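Commentary on secondary and tertiary structure
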Amino acid sequence: RELKLLSVVIPICNEKDNISELYARLIKIGKELSVKLEMVFVNDGSSDSSMAMLKELGASDKQVKIVDLSRNFGHQMAIRAGIEFASGDAVAIMDADLQDPPEVVVDMVAKWKEGYHVVYAIRKTRKEGVLLRFLYATFYRLLKIMANTDMPLDAGDFCLMDKSIVKILSSMPESDPFMRGLRSWVGYDQIGVE
Ligand code: UDP
Ligand code: MG
């Protein structure tokens, strides 16, 4: 598999403090992989200066693309809109707040080159306190028991997907999608990286 264009979809809701650092780290990753980037920033109704910052980046760098939603639709819908727009051979999804270390994408690309269709990140730590961590752990374990689709535990939306998977997800009609659940449901060869 040859990676000519790597898309990165990033939902943005009031991320003015993180956009510059994220952008710089993504540029570095593009250089490391010697690949052309397509950064798809999805502005999800930000009320801070995020949109102005994105426009400025977009004016100086053609690798920056902006999807500006008409209002705040929430994290999942922002991702959904972003992947539909992305045109890369592989498409990464990551949060803007740097809780998803962008550099993990390098490991994800290596797995994609081995032939995996979906490479998802497995969390080693969470920022939340004991109570929320317990509730999250309980939620995902209950979901595993109740849902028909087996979802990996401790995996979030942070992932890299082959364009064939993105095409399938983009064609799904859900109006309130749970992206990491749909991603598992699709099947094909999936693997986690820490
Ligand atoms: N986000 C979004 N729309 C929202 C809330 C958040 O697009 O209504 C974005 C946000 O900018 C970030 C990502 O989704 O890139 C995850 O948001 P957050 O860090 O608040 O979620 P958490 O870390 O608590 O899961
Ligand atoms: Mg966060």
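Structure shown above.
Residues numbered from 1 in each chain as written. Chains lettered and ligands numbered in written order. Predicted model: local features only at pLDDT ≥ 70, side-chain atom pairs only at ≥ 80, totals over all residues. Heavy atoms only, no water.

**Here we look at the side chain of serine 50**
The test is simple: Elements are defined by DSSP. Helices are runs of H or I of four residues or more, strands are runs of E of two residues or more, and each kind is numbered from the N terminus. As used in this structure description, the phrase polar contact means that two N or O atoms lie within 3.5 Å; if the pair is within protein, one of them must be able to donate a hydrogen and the other to accept it, and residues adjacent in sequence are counted only when both atoms belong to side chains. For this analysis, residues touch if any pair of their heavy atoms sits within 4.5 Å.
For serine 50, the location among the structural elements is in helix H2 (residues 50-60). A distance of 2.7 Å separates the side chain of serine 50 from the side chain of aspartate 48, its partner in a polar contact. Not counting the four nearest positions on each side in its chain, serine 50 is found in contact with Ile12, Asn14, Glu15, Lys16 and Ile19.

**Description of the pattern of salt bridges**
Going by this rule: We count a salt bridge whenever a side-chain nitrogen from Lys or Arg sits within 4 Å of a carboxyl oxygen from Asp or Glu. Accessibility here uses a 1.4 Å probe with only protein chains present; expressed as a share of the type maximum, an area under 20% marks a residue as buried, one over 50% as exposed, and anything in between as partly exposed.
Summed over all chains, the structure comprises twelve salt bridges. Between arginine 1 and aspartate 162 there is a salt bridge whose closest N-O contact spans 3.8 Å. In this pair, arginine 1 sits in the segment before strand S1 (5-12) while aspartate 162 sits in strand S6 (residues 155-162), placing the two residues 161 residues apart along the sequence. Looking at arginine 1, the relative accessible area reads 41%, which means it is partly exposed.

**So, the packing of helix H6 (residues 163-170) against helix H7 (residues 179-186)**
Test applied: Angles here are taken between N-to-C directions and fall from 0 to 180 degrees, while the axes themselves are lines fitted to C-alpha atoms, restricted in helices to the stretch in contact. Helix crossings fall into two classes, left-handed where the near helix is turned counterclockwise from the far one by less than a right angle and right-handed where it is turned clockwise. Three classes are used: nonpolar for Ala, Val, Leu, Ile, Met, Phe, Trp, Tyr, Cys and Pro, charged for Asp, Glu, Lys and Arg, and polar for all others, with Gly counted as polar.
Between H6 and H7, the shortest axis-to-axis distance is 10 Å and the interhelical angle comes to 115 degrees. Between H6 and H7 lies a crossing whose hand is right-handed. Contacts between H6 and H7 involve Ile165, Ile168 and Leu169 from the first element and Met179, Leu182, Arg183 and Val186 from the second. Per-class residue counts for the contact of H6 with H7 are six nonpolar, no polar and one charged.

**Looking at the packing of aromatic side chains**
The condition is simple: Each aromatic pair joins two rings of Phe, Tyr and Trp (for Trp, the six-membered one) with centres within 6.5 Å, and gets the label stacked for planes under 30 degrees apart, edge-to-face for over 60, and tilted for any other angle. Any Lys NZ or Arg CZ that is within 6 Å of a ring centre and within 35 degrees of that ring's normal is treated as a charge sitting over the ring.
Considering all chains together, one arrives at one aromatic pair under this definition. Look at phenylalanine 139 and tyrosine 140: their rings are 4.9 Å apart centre to centre, the planes differ by 75 degrees, and that puts the pair in the edge-to-face class. Among the residues examined, phenylalanine 139 registers a relative accessible area of 41% and is labelled partly exposed. On the basis of relative accessible area, tyrosine 140 is assigned to the buried category, the value being 10%. Over the ring of phenylalanine 73 we find arginine 71, and its NZ or CZ is 3.8 Å from the ring centre.

**Focus: helix H4 (residues 104-114)**
Taken together, the buried positions of H4 are occupied by Val104, Val105, Val106, Met108, Val109 and Trp112. Those residues of H4 hidden inside the fold are in contact with S1, helix H1 (19-32), strand S4 (90-93), strand S5 (118-122), S6 and strand S7 (190-193). In the segment just after H4, glycine 115 is the residue with positive phi, at about 120 degrees.

**Focus on the sheet that holds S4**
Heads up, the rule is: Here, a strand pair is defined by DSSP locating no fewer than two bridges between the strands.
Spatially, seven strands are ordered S3-S2-S1-S4-S6-S5-S7 in an open sheet, and the strand pairing comes out mixed. Strands at the two margins of the open sheet, each flanked by one partner only, are strand S3 (64-68) and S7. Averaged over all neighbouring strand pairs, the angle between strand axes comes to 20 degrees, with direction disregarded. Sheet contacts for H1: S1, strand S2 (36-43) and S3; angle to S2, the most-contacted strand, approximately 155 degrees. Lying on the sheet, H4 is in contact with S1, S4, S5, S6 and S7; it crosses S6 at an angle near 45 degrees.

**Some points on the site of ligand 1**
The condition is simple: The nearness test applies per residue and asks whether one of its heavy atoms lies within 4 Å of the molecule or strand. Exposure was quantified through the Shrake-Rupley algorithm and a 1.4 Å probe, taking into account, for residues, occlusion by the shown protein chains and nothing else.
As a structural note, the neighbourhood of ligand 1 is formed by 14 residues, with Pro11, Cys13, Glu15, Asp44 and Asp97 the closest of them. Within the backbone of histidine 75, one N or O atom sits 3.5 Å away from a nitrogen atom of ligand 1. Between ligand 1 and aspartate 97 there is a distance of 2.5 Å, counted from an oxygen atom to a side-chain nitrogen or oxygen. Summarising the interface, the protein chains cover 71% of the accessible area of ligand 1, which totals 530 Å² for the free molecule. Looking at side-chain class alone, the shell around ligand 1 contains five nonpolar, four polar and five charged residues.

Spatial relationships are all this shows, so hold off on functional conclusions.
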